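Geometric and topological summary
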Amino acid sequence: MNLTRRFLDELTTAQLVERLDLALEGANLGIWDWDLRDNSVQFDRRWCEMLGLDHETTPMVLDTWSTLVHPDDIDACYRDIRAHLDGVSARYQNVHRMRHADGRWIYILDRGRISGRDEHGRAIRFTGTHLDVTALEVAEQRARMEERARLQVLTNFSATLAHELNTPLQVIGLAAHELARVVPSTGRDGDVAREALQAIEVMSQRAGRITSALRTLSGKGGLAECRLSDCFMQAADLFRERMEGDGIQLTLADQSGGGAVRATSGDVLRTLVILLDASLRALLAGSTGERRVDLSARVEAGQVLVTCSDSGVPWPLGQEVAGAERMSLGPSELLGPIVAPYGGRIDVVGGEARNSFVVHVPLAETAT
Amino acid sequence: MMAANTMADQMVVSRRRLLIVDDEPTLRLMLERVLTARGFEVHTAVDGEDALARLSSEHFDVVLSDMVMPRCDGRCLLEAMRAAGITVPVVMLTGYADASDWSLRALGATAVLGKPSPVDVIHSALDVACADAR
């Protein structure tokens, strides 16, 4: 600290300005300095060049900035500026699109803070920086599109997989049934054969339910009244085997009394799958006492309430979970976009070493 | 179970004619075996076009058809039957559509079953289709 102070003391003002300029240039930052009393703004050379403007001829007024901001973004800019001026936020920050002189839209990370006040404490000066983040924004948009494309491929693959497995499963079921008809009705060989055939029939039916759930999950089909009980069975078909294999008890309690929500069956099943997957991951990360997941549904005040609770590590999952896992989205973030269009919401209820997520969705009769 | 057996016994007597339409030979064969044992007189077609030719010249009591097939699929078959005024009940057995696929029902399918369906479900759907046609 003392070394820094001594270093700065030894610099002349001109040297300081030069070094600051080098730092700003190195960081590709443009500077704006807004006088709130008359809306004049000093834009520096880099600010202008970022937008393809000539520094010598650029009017140093607020309108220069505001007329170049994308019309869809300007309200959010002023809202964020107001929030800082009112003391709601410690500093102003906003990413918005601005029209470059060559006609394209560029993304600007705009940051600033109050830099001067009058004798009454009123803000009179507001100073900040512009950074061109177009490349970053475009990369993020591309990543989001790629994520959507990957999900689409997985969805299509689920549907194809389900379809391709259905015919072989149908043949296996029929063949087992046909063999059962001709197996000797007495003797040890007959008993063994019947047991084996029954196992084939039961397992092919279970596999059939899984392919049916995969088909539902792949999201074909439009809005309809979905009974919770049907989706509960499908969700259980997808998870029960896995959970039991890990020593986790899955209990289902459908107390919706045949309650239905008006939604695509794919969305309802996706919701249940996300809840159960979150519980499974929390339990695999660690648990306190009994390893169990409880999925229940009930109707309350015109809403269907689906609750999924587990005795696993509380969300967000703790340090003992691998880094990549902690980076992934939690159930609330994943479920929000699915249930919001139906007027639904998610409550997170913690405590007593249990995770509990409650999804509220309007009953079919009351949904709009 | 007793009721089903009784119905099966009656069918042996009546020998209703069933046309199975599926492009998968193994499935065709297994359905033929199981439903012959159930008392149907079973005939087969490899796709919708083949089925339509049979339906235009022969009498059938019920059709059990796949959905996805080359040349003329299940939907094409239903549309062609309707256009030709053929009113034989059709049970669809499909790996694609949901069992509640209303568009197939709107085209005249008596029932839409998902693959794989248990044998007793297929039996019931065919029994109901035949009963409704009477």
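Residues numbered from 1 in each chain as written. Chains lettered and ligands numbered in written order. Predicted model: local features only at pLDDT ≥ 70, side-chain atom pairs only at ≥ 80, totals over all residues. Heavy atoms only, no water.

This next bit is on the overall build of chain A. A count of helices and strands for chain A gives eleven helices and twelve strands. Burial statistics for chain A: of 368 residues in total, 40% are counted as buried. For chain A, long-range pairs separated by at least 24 residues make up 58% of all intrachain contacts whose partners lie at least 6 apart in sequence. Here chain A displays about 20700 Å² of accessible surface, and carbon together with sulfur accounts for 55% of that area. (Helix = DSSP H or I, 4+ residues; strand = E, 2+ residues; numbered from the N terminus. Buried < 20%, exposed > 50% of the residue type's maximum accessible area, 1.4 Å probe, protein only. Contact = heavy atoms within 4.5 Å. Areas by Shrake-Rupley, 256 points an atom, 1.4 Å probe, with all protein chains shown as cover.)

Next up on the list: the interface of chain A and chain B. Of the residues lining the interface, 17 residues belong to chain A; the matching set on chain B comes to 22 residues. Taken over both partners, the interface formed by chain A and chain B buries close to 1700 Å², and the fraction arising from carbon and sulfur atoms is 68%. Per-residue buried area on chain A facing chain B is highest for Gln170, Leu174 and Arg215 of chain A; these three make up 37% of the total on that side. Joining chain A to chain B, the criterion identifies zero salt bridges. Summed over the shared surface of chain A and chain B, the number is three residue pairs in polar contact (both at pLDDT 80 or more). Among the elements of the structure, helix H6 (134-182) and helix H7 (188-217) of chain A are those that each provide at least two residues to the side of chain A that touches chain B. Split into classes, the residues belonging to the side of chain A that touches chain B amount to four nonpolar, nine polar and four charged. (Buried area = accessible area lost by both parts, 1.4 Å probe. Salt bridge = Lys/Arg side-chain N within 4 Å of Asp/Glu carboxyl O. Polar contact = N/O pair within 3.5 Å; in protein donor to acceptor, adjacent residues only side chain to side chain. Nonpolar A, V, L, I, M, F, W, Y, C, P; charged D, E, K, R; others polar.)

Turning our eyes to something else, we now look at a nonpolar patch on the surface. Judged by side-chain polarity, Phe157, Leu161 and Leu165 of chain A come together as a nonpolar surface patch covering roughly 260 Å² of accessible area. By the element assignment, Phe157 of chain A lies in helix H6. (Patch = residues over 30% accessible without salt bridge, like charges linked within 9 Å, V, L, I, M, F, W, Y side chains within 5 Å.)

This part takes up the nonpolar core. Within the largest apolar cluster, 39 residues are counted, with the highest numbers of intra-cluster contacts made by Met243, Val261, Leu276, Val293 and Val306 of chain A. Breaking this core down by element, the ones donating at least two residues are helix H8 (228-245), strand S8 (260-263), helix H9 (265-285), strand S9 (292-300), strand S10 (303-310), helix H11 (331-339) and strand S12 (355-362) of chain A. The residues contacting Met243 of chain A, other than those within four sequence positions of it, are Ile248, Leu250, Leu276, Leu280 and Val293 of chain A. The next biggest cluster of nonpolar side chains, apart from the first, holds 23 residues, and it includes Val34, Val42, Ala111 and Val119 of chain B. (Core = buried A, V, L, I, M, F, W, Y, C linked by side-chain atoms within 4.5 Å.)

We now examine the confidence of the model for chain A. Residue and element names in this part refer to chain A. Of the residues in chain A, 89% reach a pLDDT of 70 or more, and the chain-wide mean stands at 83. At the level of individual helices and strands, chain A shows its lowest average pLDDT in helix H10 (residues 323-327), which scores 40, and its highest in helix H4 (residues 62-66), which scores 97. Per-residue pLDDT stays below 50 along residues 318-327; that stretch engages in ten contacts with residues further than four places along the chain or on separate chains. (pLDDT = per-residue confidence, 0-100.)

Residue and element names in this part refer to chain A. Reading across from one edge, S2-S1-S5-S4-S3 is the order of the five strands in this open sheet, with antiparallel pairing throughout. Of all strands in the sheet, those with a lone pairing partner are strand S2 (40-43) and strand S3 (92-99), marking the two edges. Pairs of neighbouring strands in the sheet enclose a mean axial angle of 25°, with direction left out of account. Sheet topology note: the S3/strand S4 (residues 105-117) ladder contains eight bridges and is antiparallel. By the bridge assignment for S4, Val95 is matched with Leu109. On top of the sheet, H6 reaches S3, S4 and strand S5 (123-132); it is set at about 125° to S4, its chief contact. (Pairing = 2+ DSSP bridges. Axes fitted to C-alpha atoms, helices over the stretch in contact; angles between N-to-C directions.)

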